[in-house]
Structure formats: structure tokens, C-alpha cells
Amino acid sequence: MARNNHPEETVQLILSVAFRLFMEKGYEHTSIQDIIDQLGGLSKGAIYHHFKSKEELLVAVMDQMTAESNQMLAAIRDRSDLNGQEKLKTIFKASINRPVQDDIFAVAPDLHKNPKLLFSLLHDTIDHAAPEYILPIIREGISDGSVVTDYPEELAELILLVANVWMNPMIFDSSVEESYRKFMVFAQMMRSLGLDIVDDELLERLQELTAIYQERRKNI
């Protein structure tokens with residue numbers, strides 16, 4: 001068998017195809033054979049050489065999806081020119097304005113039919129993003145006086161669960177109007193906690209992404 005001199009290119013091709021099919025068909029309804037059929041002649045052995053199972057492939061796809069986001073979160077977390085509350089606001093704006101968000105919402109799956117993708121999102125939110133990126137910022141805000149809470153760990157989880165899950169139209173199939181109402185409740189909740197971290201610019205962007213997602217749903 002010929003030696004593969006560019007294994008990283010093979011891995012990237014497999015991940016790209018798997019990501020697209022998981023989004024379009026759902027993880028549960030995508031088989032290894034479906035992926036092979038889109039790999040331009042690569043064999044099943046090529047996949048299993050790099051990934052022992054479809055579940056391991058899903059983990060790699062999700063890791064790749066979150067890697068860029070995590071780099072952005074870490075860069076904002078580590079800035080020295082912003083206080084805690086300003087960092088939270090900057091994170092919200094940077095996250096929702098990433099160009100890749102348009103692509104994600106344009107091919108977004110129905111997460112009700114993708115339980116493994118949904119579980120991966122929840123797992124990353126609670127076990128990784130909240131403690132590693134949001135919690136340190138909240139603790140910094142407590143120290144500099146811009147954030148007031150006796151429960152920093154719980155607040156970090158709450159912010160991300162509401163933003164990433166409850167307001168996510170891919171999970172609850174929210175309309176533009178429903179997204180607006182949820183955003184307004186989120187804004188009121190944050191302000192009641194002394195956190196003025198969401199504004200009309202974020203609202204407009206959320207409605208834009210929701211419209212992109214709903215347009216895809218109509219065309220399925």
C-alpha cells in the first residue's frame with residue numbers, strides 16, 4: 001500500500017466531510033459509508049487509521065469547531081486593558097460576530113435529532129468553557145468591582161447556558177420574534193445582576209442568525 005505522505009490533509013478532509021454530513025443528515029443518520037462515499041476514493045481503512053469509531057470522529061469534529069472559539073475566549077480573558085464586565089461584553093460581541101457563525105447557522109442541524117451533538121455542546125459549556133474562560137473573568141470582575149455576586153461558579157454556568165442553549169434557535173427552533181423575546185429577558189436578567197453586557201447590536205445579530213437558520217429550515 002502506498003505511503004501517505006500528507007496524513008494531516010487526509011485527517012482534515014475526513015473532518016470536513018464528516019462535519020458537513022453530521023450537520024446535513026444528523027450524526028445518528030450518518031454512516032461511515034456515507035462519509036467514505038464523499039472522500040474521493042479514500043477507503044474505510046483510511047478513516048479507521050485515524051479514528052477508531054464514528055463517535056471518536058464526532059469528538060474530533062466538535063474539538064475542531066470549538067478550537068478557534070476557545071482561542072478567542074482565551075485572548076479576551078487574558079487582556080489587561082479591560083475590567084471583568086468589559087471582558088464579558090467583549091466576549092459576547094466577538095462570539096456572535098465570528099464570520100463562521102453564518103456558515104454554522106446556514107447548515108445548522110435540528111439538534112433534537114442530533115442528541116450527541118447537543119450533549120457535546122452541553123458538556124463543553126459546563127465542563128470547559130464556563131470554568132476555563134468565563135469564571136476567571138467573573139472572579140476578576142469581583143476583584144475590580146465591576147461584577148457583584150456571591151456565586152461566581154453558578155453565574156458563569158448560567159450565563160453560558162442561557163446564551164448557548166436557551167437562546168440557541170438550533171435547539172428550540174425559535175422564530176425571529178421568539179429570539180427577540182428571549183434576548184430581552186436575558187438582557188433584563190443580566191442588568192438586574194448589575195451586568196450591562198448586551199445591547200441592540202447583539203440583538204440585531206442574533207435575529208440575523210436566527211433568520212439564516214429559519215431560512216434553511218424552510219428549504220429542508
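Before any of the text, the structure's been laid out above.
Residues numbered from 1 in each chain as written. Predicted model: local features only at pLDDT ≥ 70, side-chain atom pairs only at ≥ 80, totals over all residues. Heavy atoms only, no water.

### Here's the deal with the overall build of the protein
Point 1. Along its length, the protein carries 11 helices and zero strands.
Point 2. The linear arrangement of helices and strands in the protein, starting from the amino end, is α-α-α-α-α-α-α-α-α-α-α.
Point 3. Seen through its principal axes, the protein has C-alpha atoms that stretch 65 × 40 × 25 Å.
Point 4. For the protein, the proportion of its 220 residues judged to be buried stands at 43%.
Point 5. Long-range pairs, those at least 24 residues apart, make up 68% of the contacts in the protein with a sequence separation of at least 6.
Point 6. When the accessible surface of the protein is summed, it comes to about 11800 Å², and 53% of that surface belongs to carbon and sulfur atoms.
Point 7. Looking at the protein, you have 22 positive and 35 negative side-chain charges, and the mean spots of the two groups are 5 Å apart. (Helix = DSSP H or I, 4+ residues; strand = E, 2+ residues; numbered from the N terminus. Buried < 20%, exposed > 50% of the residue type's maximum accessible area, 1.4 Å probe, protein only. Contact = heavy atoms within 4.5 Å. Areas by Shrake-Rupley, 256 points an atom, 1.4 Å probe, with all protein chains shown as cover. Lys, Arg positive; Asp, Glu negative; His and termini not counted. Charge placed at Lys NZ, Arg CZ, Asp CG, Glu CD.)

### Things to note about the pattern of salt bridges
Point 1. Counting across every chain of the model gives nine salt bridges.
Point 2. A salt bridge links Arg77 to Asp78; its shortest N-O distance comes to 2.9 Å.
Point 3. A relative accessible area of 23% means that Arg77 is categorised as partly exposed.
Point 4. Given the relative accessible area of 54%, Asp78 is considered exposed.
Point 5. Linked through salt bridges whose partners overlap, the residues forming this network are Lys89, Lys93, Asp199 and Glu201. (Salt bridge = Lys/Arg side-chain N within 4 Å of Asp/Glu carboxyl O.)

### Considerations on helix H4 (residues 54–77)
Point 1. In this model H4 runs 34 Å from its N-terminal to its C-terminal C-alpha over 24 residues, within 8% of the 34 Å that 1.5 Å per residue would give.
Point 2. If you look at H4, its biggest bend is around 35°, right at Ala67. (Expected span 1.5 Å × (residues − 1). Bend = angle between axes of the 7 residues up to and from the residue.)

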